[in-house]
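# Close look at the chain arrangement
One letter stands for each residue in the lines below.
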Amino acid sequence: MTANAPITPDILTVPRKEAEAGKTNLVGMTRDAMRQALVGIGVPEKQAKMRVGQIWQWIYQWGKRDFSEMTNLSKALRAQLEEGFEIAIPEVVSKQVSEDGTRKYLVRIAGGHEVEVVYIPETDRGTLCISSQVGCTLTCSFCHTGTQKLVRNLTAAEIIGQVMMARDDLDEWPVPGTRNPDEARLLSNIVLMGMGEPLYNFDNVRDAMKIAMDPEGIQLSRRRITLSTSGVVPEIARTAQEIGCLLAVSFHATTDEVRDKLVPINKRWNIEALLEALRAYPRLANSERITFEYVMLDHVNDSKEDAHRLVKLIEGIPAKINLIPFNEWPGSPYQRSSNNRIHAFADIIHDAGYASPIRKPRGEDIMAACGQLKSATERARKSRKQIEAEAGVKS
Ligand code: SAH
Ligand code: SF4
């Protein structure tokens, strides 16, 4: 760790219970919280656990938003639920569909804030890229989200609500009592790679992902969920212990000097500290590798020396290196590396025995590609000058 001043997240928080007509939202509650809520309205302790399972199935497996449809609950209980609770998810403000089939949704959450969610269809899977914060407190110089000043943590309801919203749009809720075969799912994978730093909103991300993985919840395998962090070192071990999903790390540079500029959290936890945490990341199976994300910025981090250094640094870590050609955004201070440089870099990594796929930019025409997300409602923009000063580059 370096001696630099800590980066203190300056995040607005909202109370868990959003008071819409005085009702408590059941979406996003942990099993235990829902059990307590049910006991609170008089459901006998002995029954409460089973009722939670039933309600979870209606909400998360079959997509029901109306208590009257929950036919295995007594009419009296349904009426009581109706009185005190709601099943609420973020509202879709707009939807854009790219030439390549990628869908970008703008969703509105409590307080009028907006976040973006991206659905990426592929031949063997459909990935939903979800957001964990409005904006981001970190200011990675190549990331559009990092230029948005207003930041607030999303609640667990708002996080899992993005998945429910996408399933609505894809029209893939199974008929009650049945389930879709896993291999036929349109939404088969989740990546926490949208707006925000998920590990700065740990508890809500954890609670939401528990619902995503629960056999009575959204029922996705933990291996189909990937959390991407810029390197919040103290929370990395907890990610394995408390969530258990796959991990991706925004590495992006091979020296502290360059990483300090690209990913400023490096000033707090440098490359060495980050690698130490990754070496300790528990893995249940050998096939579970850590994904190193590496954005390709022309003549900034894309030299052959960088590639060789990267191989040395990650020695001993089961890893896959995802090379992401830089996606431009208005005022961005970098250029995408040339194809030649990207391929030369990839070859060195590949020859050292690591998978080094080059990520195909998706949804560029609708500004849905990695790092292009930023909600338009946000007014306080940084100037181009400010962005360049932070990036340490001249125009
Ligand atoms: N905050 C988390 C997750 C969101 S960003 C994190 O930083 O890991 C998802 C990925 O997109 C990260 O690897 C991020 O560094 C990368 N990214 C950000 N801006 C980008 C851009 N303009 N072009 C390509 N990738 C970008
Ligand atoms: Fe935040 Fe990730 Fe963007 Fe950095 S790359 S500013 S951590 S969203």
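Refer to the structure above for everything that follows.
Here we summarise the structure given alongside this text. (Residues numbered from 1 in each chain as written. Chains lettered and ligands numbered in written order. Predicted model: local features only at pLDDT ≥ 70, side-chain atom pairs only at ≥ 80, totals over all residues. Heavy atoms only, no water.)

## Describing the sheet that holds strand β12 (residues 290–296)
Strand order across the open sheet formed by nine strands is β3-β4-β5-β6-β9-β10-β11-β12-β13, with mixed pairing between neighbours. Of all the strands in the sheet, the pair left with one neighbour each is β3 (91–97) and β13 (319–325). For this sheet, the mean inter-axis angle between neighbouring strands, taken without regard to orientation, is 20°. In this structure, strand β10 (residues 225–229) lies alongside strand β11 (residues 246–250), joined through four bridges in parallel fashion. Along β11, the bridge assignment pairs T229 with V249. Against the sheet, helix α4 (residues 156–170) contacts β3, β4 (103–108), β5 (114–121), β6 (126–129) and β9 (189–192), and its axis sits at roughly 125° relative to β4. Sheet strands touched by helix α10 (residues 339–351): β12 and β13. Its angle to β13, the strand with the most contacts, is close to 180°. (Pairing = 2+ DSSP bridges. Helix = DSSP H or I, 4+ residues; strand = E, 2+ residues; numbered from the N terminus. Axes fitted to C-alpha atoms, helices over the stretch in contact; angles between N-to-C directions. Contact = heavy atoms within 4.5 Å.)

## A short note on the site of ligand 2
Near ligand 2, the surroundings consist of C136, L138, C140, C143, G146, G196 and S230. Among the residues forming the shell around ligand 2, the class breakdown is four nonpolar, three polar and no charged. (Near = heavy atom within 4 Å. Nonpolar A, V, L, I, M, F, W, Y, C, P; charged D, E, K, R; others polar.)

## Comments concerning the site of ligand 1
If you check the shell around ligand 1, you find 20 residues, and the closest are F142, G196, S228, S250 and H252. S250 places a side-chain nitrogen or oxygen 2.6 Å from an oxygen atom of ligand 1. E293 places a polar side-chain atom, nitrogen or oxygen, 3.1 Å from an oxygen atom of ligand 1. Considering ligand 1 on its own, with 530 Å² of exposed area, one finds that the protein chains cover 96% of that surface. More than half of the atoms of ligand 1 fall within 2 Å of the grid points belonging to the largest cavity. Within the residue set of the shell around ligand 1, elements represented by two or more residues are β10 and β12. (Polar contact = N/O pair within 3.5 Å; in protein donor to acceptor, adjacent residues only side chain to side chain. Areas by Shrake-Rupley, 256 points an atom, 1.4 Å probe, with all protein chains shown as cover. 1 Å grid on protein atoms, 1.4 Å probe; cavity = no way out; pocket = protein on both sides within 12 Å on 5 of 7 lines; lining within 4 Å. Sits in = over half its atoms within 2 Å of the grid points.)

## What about the pairing of β5?
Counted residue by residue, β5 has seven buried out of eight residues, so it is predominantly covered. Sheet topology places β4 next to β5; six bridges connect them, and they run antiparallel. Following the sheet pairing, R103 is matched in β5 by Y119. Counted between consecutive antiparallel strands, the loop separating β4 from β5 contains five residues, among which G111 sits at a positive phi close to 90°. Here β5 runs beside β6; their pairing, made up of four bridges, is antiparallel. Within the sheet, the bridge partner assigned to P121 lies in β6 and is G126. (Buried < 20%, exposed > 50% of the residue type's maximum accessible area, 1.4 Å probe, protein only.)

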